[in-house]
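The chain contents come next:
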Amino acid sequence: MQAWVTDVGAGGTCDLGLSLACESCIDRLFTLGPAGCPIPGCGKNLRKLAFTPQTFEDLGVEKEVAVRRRIAREFNKRREEFRDLRSYNDYLEEVEDITFNLINDIDLPNTEARIQRNRAENTASIELNNQREELYAQSLKEQEDADRREREHRADELRREEETERAEREKGKREIIDKLETSHKDAFKVVAKSRASALKRASARTTSTQTQSNAKLLRSRAAQSTIVPDVPHVPFTDNYSAYEDKFSLKVGGYSDFMSEAVRKDREGIMRGGGYKVEEAWERAIRCGVASLDLPPLSESIDVDILMNPA
Amino acid sequence: MNSAATPVPSHDISTKIPLYEASTQFKHWRHSPEGLSRVRQSQNEVAVAAIRNNLEANEPGSSADVAFLTADEEVLLVRLYIAKITPLCANFRFPEEVEATAMTYLKRFYLKNTVMDWHPKNVMLTAVFLAAKTTNNLISLEVYAKGIPGTMPHNVLDLEFLVAQSLGFEFAVWHAHRALWGIWLDLQNLPGGTLDSAAYDAAMSEIRASRLTDVELIYTPSQIALACLSLVSPALSQQWAASKLTPNGSETSLSLAAVQGVIGDIQKIIKANGAPPSVEAVRDVDRRLRLCQNPEKIVGSKLYLAKQAEAERKAEEKRNKKAESVRKTMEGDPFGSTLPPSKPGLVDYDDDDDDED
């Protein structure tokens, strides 16, 4: 049973989650124009227009989908309209901010003002992009149609081929029987000869039908999307120095009897978890040079540390 | 939005914090020799005062002729049990890391506690078990307890939280044996600097001796490792140190010569204290410990029983309180009194038929 809800569109929203079972209920309540919400304590003015059929069980999802649909129409700039990836990402973040605000009813007047501002500033671009979007959707649809026709065509082709093959086989059989009836040659030779000619015909047929794969189509579609250069991502920066200036690993590895077993482990059982002997070496050497020049504590500092442990 | 746009700051090498100085070992477990003895002294004094109090409460006048342990005697006893970790770990075929970590734990534990409260025998077993876990060499408690005669799983487990708490849950340890491996590897970068495995083993036995001393509470692992290597191969160690250090020191870094001095100090301590104490010397301490153990913590003593009774009384009180509240809620009708009749609202929600009324 589909319910009708108000949570999504224009014409008022009931905060208490009014949901009506059918269209006739809506007609009954709102046929005379806007009326107060029938839930006691809500009393908001609602219009018939406000009701849409509910798709999702969760009204939150219902609302989010509607908001996103709306925002996607308003904010539709593309990557190509920005100088670099960062400004594009900033734009996406702003859009997501607005969407979040709308979904969660945060600072609505301001958010609506932001949307208005965006519309005022970018009317042309929004229009253009909407048209492009439509064009793209259309071309996608055409592409799909073409694909479907192609598939049907190929299926037809195959069916026809099979039929001709079957007919030829029948014909061959009949020929053999005819020949066996009329000629005086050796029966084995007759059969072999007609078989050979049937084979020749079949192979000629397969080479002539050039089956076009749709791999080519996929390739051409992939080539359309341009490659966007991206700066390398720096995951984590801190203020620690790992004594990189104090040592450098020996090129070609060390002669080390301690790690012999691991390095000679040909099946890689010991290295299964990603163990690299170079990393163990590096850790050891780092430990070997770590704070080698650190002065031992003198009395005055020590008192301090003891007074404020941790 | 704009904050993310700021470029990654490039740090000057001089303002960076060296990794070792970010460790808890540096922050909380590094002392001066004087500071170390002062900590132990004050620990001892506080414990003696508390135990004297408890003994008096147990039996007035009984504390007069008790010879309490001194801080040095406590250290001696702990050292004996540190030395016992080696055969224990060999018994379970634990790697070097477990042994070294357990020894560090035991030393750190007795900077926060006294042997008169917690006998090192049990703490040692717990420290080894805990070290096996923290270094990823874990063993099941049953297997562990079975491998040590006269030990039940609860002996190990009872103290585990106490030990972890005393360590401040700071389980990561920078070890001198790893530093020695690193230096030994790095020697191969020096011209003609390769040392054979025999020299490595000799230096490693010096490292093992150093674990019986306090050096790890005073110096860095790399300094200890260099000192041990220097005992085996002085010339090569000197050459390696010269390649790593500058002739001029500063407030925060030692000069080459100063490091040599530090290494000399470490070697002196290892030579002086690097052997396990003789059992004879410790036997007397252990005998006296039995007389001056904190009666609060000896099973069966008056004070222990009093404390148990107190705890029991509190638990009983809590139970009673709970039972009382449960009884209260169960009294009368479990479904509560009847609700007042609800007022009819604008919409009759019970009306679920479709007729227009």
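Within each chain, residues carry numbers counting from 1 in the order of the written sequence. Throughout, the order in which chains and ligands are written sets their labels, letters from A for the former and numbers from 1 for the latter. At least 70 in pLDDT is required for a residue's local features to be given in this predicted model, at least 80 for side-chain atom pairs to be given and counted, and no such filter applies to totals for whole chains, interfaces and linings, which use all residues. The basis for every side-chain value is the complete set of heavy atoms in the structure, and neither hydrogens nor water enter the calculation.

Would you mind going over the sheet that holds strand β1 (residues 4–5) of chain A in detail, with residue names and values included?
Residues and elements named next belong to chain A. Two strands form a pair only when DSSP identifies at least two bridges running between them. The secondary structure listing takes helices from DSSP runs of H or I that are at least 4 residues long and strands from runs of E that are at least 2 residues long, numbered from the N terminus. Judged by pairing direction, the sheet is antiparallel, and its 3 strands sit side by side in the order β2-β1-β5 without closing on themselves. Bordering the open sheet on either side are β2 (19–20) and β5 (52–53), each of which pairs with just one other strand. In the sheet, β1 pairs with β2 via 2 bridges, with the strands oriented antiparallel. The residue of β2 that forms the bridge with Val 5 is Ser 19.

An account of helix α14 (residues 279–292) of chain B is requested, with residue identities and associated values reported.
Residue and element names in this part refer to chain B. Taking 1.5 Å of rise per residue, the 14 residues of α14 would be expected to cover 20 Å, and the 20 Å separating its terminal C-alpha atoms lies within 8% of that figure. Each residue is placed in one exposure class: buried if its accessible area under a 1.4 Å probe, protein chains only, is under 20% of its type's maximum, exposed if it is over 50%, and partly exposed if it falls in between. Taken together, the buried positions of α14 are Val 282, Val 285, Arg 288, Leu 289 and Cys 292. The arc that holds every buried residue of α14, seen down its axis, measures 125°, which confines them to one face. Facing away from the buried surface of α14 by more than 90 degrees, the exposed residues are Glu 280, Arg 283, Arg 290 and Leu 291. Contacts were defined at the residue level, with two residues in contact if any of their heavy atoms lie within 4.5 Å. Buried residues belonging to α14 abut α2 (33–58) and α3 (71–91). By this rule, a helix spans an expected 1.5 Å times one less than how many residues it contains. Note: the arc covers the axis-to-C-beta directions of the helix.

Please provide a residue-by-residue account of the environment of A:Glu133, values included.
Residue and element names in this part refer to chain A. Secondary-structure assignment places Glu 133 in helix α5 (residues 123–182). The exposure class of Glu 133 is partly exposed, given its relative accessible area of 41%. On a C-alpha basis, the gap between Glu 133 and Asn 76 in space is 9.0 Å, while along the polypeptide they are 57 residues apart.

Tell me about the packing of helix α9 (residues 277–289) of chain A against helix α9 (residues 176–186) of chain B, and name the residues and values.
For any two helices packed against each other, one specifies the inter-axial angle together with the distance between the axes. Axis definition: a line fitted to C-alpha atoms, limited for helices to the stretch in contact. Angles are taken between N-to-C directions and run from 0 to 180 degrees. Relative orientation of the contacting elements α9(A) and α9(B) amounts to 100°, with a least axis distance of 7 Å. Viewed along their axes, α9(A) and α9(B) adopt a mutual orientation that is roughly perpendicular. Between α9(A) and α9(B), the residues in contact are A:Ala280, A:Trp281, A:Arg283, A:Ala284, A:Ile285, A:Cys287 and A:Gly288 and B:Arg178, B:Ala179, B:Trp181, B:Gly182, B:Ile183, B:Leu185 and B:Asp186, respectively. Grouping the amino acids of the contact of α9(A) with α9(B) by side-chain chemistry returns 9 nonpolar, 2 polar and 3 charged. Roughly parallel here means an angle under 35 degrees, roughly antiparallel means over 145, roughly perpendicular means 65 to 115, and every remaining angle is called oblique. The nonpolar class holds Ala, Val, Leu, Ile, Met, Phe, Trp, Tyr, Cys and Pro. Asp, Glu, Lys and Arg form the charged class, and all remaining residues, Gly among them, are polar.

Give me the packing of aromatic side chains: which residues, what numbers.
Two rings belonging to Phe, Tyr or Trp (six-membered ring only in the last case) form a pair when the distance between their centres is within 6.5 Å. Interplanar angles under 30 degrees mark stacking, angles over 60 mark edge-to-face geometry, and anything in between is tilted. With the rule as written, the count across this model stands at 16 aromatic pairs over all chains. Clustering of aromatic rings is evident, with ring pairs tying together A:Phe75, A:Phe82, A:Tyr88 and A:Tyr91.

Residue-level account of the pattern of salt bridges, with values.
If the charged atoms of two oppositely charged side chains come close together, the side chains can form a pair. All names here are of chain B. By convention in these notes, a salt bridge is any Lys or Arg side-chain nitrogen within 4 Å of a carboxyl oxygen on Asp or Glu. Summed over the entire model, instances satisfying the criterion amount to 35 salt bridges over all chains. The residue Lys 133 makes a salt bridge to Glu 160 at a minimum N-O spacing of 2.8 Å. Of the two residues, Lys 133 sits in helix α5 (residues 120–134) while Glu 160 sits in helix α8 (residues 160–166), which places them 27 residues apart along the sequence. Salt bridges linked by common partners bring Glu 73, Asp 284, Arg 287 and Arg 288 together as one network.

Requested: an account of the interface of chain A and chain B, with residues and values cited.
In this complex, chain A contributes 51 residues to the contact, which on the side of chain B involves 57 residues. For the pair chain A and chain B, the summed buried area comes to about 4,900 Å², and 62% of that belongs to carbon and sulfur atoms. Here chain A and chain B share 0 salt bridges between them. In the analysis that follows, any N or O atom pair within 3.5 Å is treated as a polar contact, provided that within protein one partner can donate a hydrogen and the other can accept it, and provided that, for residues neighboring in sequence, both atoms belong to side chains. Remark: the boundary between chain A and chain B carries 14 residue pairs in polar contact (both at pLDDT 80 or more). Secondary structure elements with two or more residues in the side of chain A that touches chain B: α3 (85–104), β6 (240–241), α9 and α10 (299–307) of chain A. For any pair of parts, buried area is found by adding up, for both, the accessible area (1.4 Å probe) each one loses once the two are put together.

Nothing here speaks to function; it is geometry throughout.
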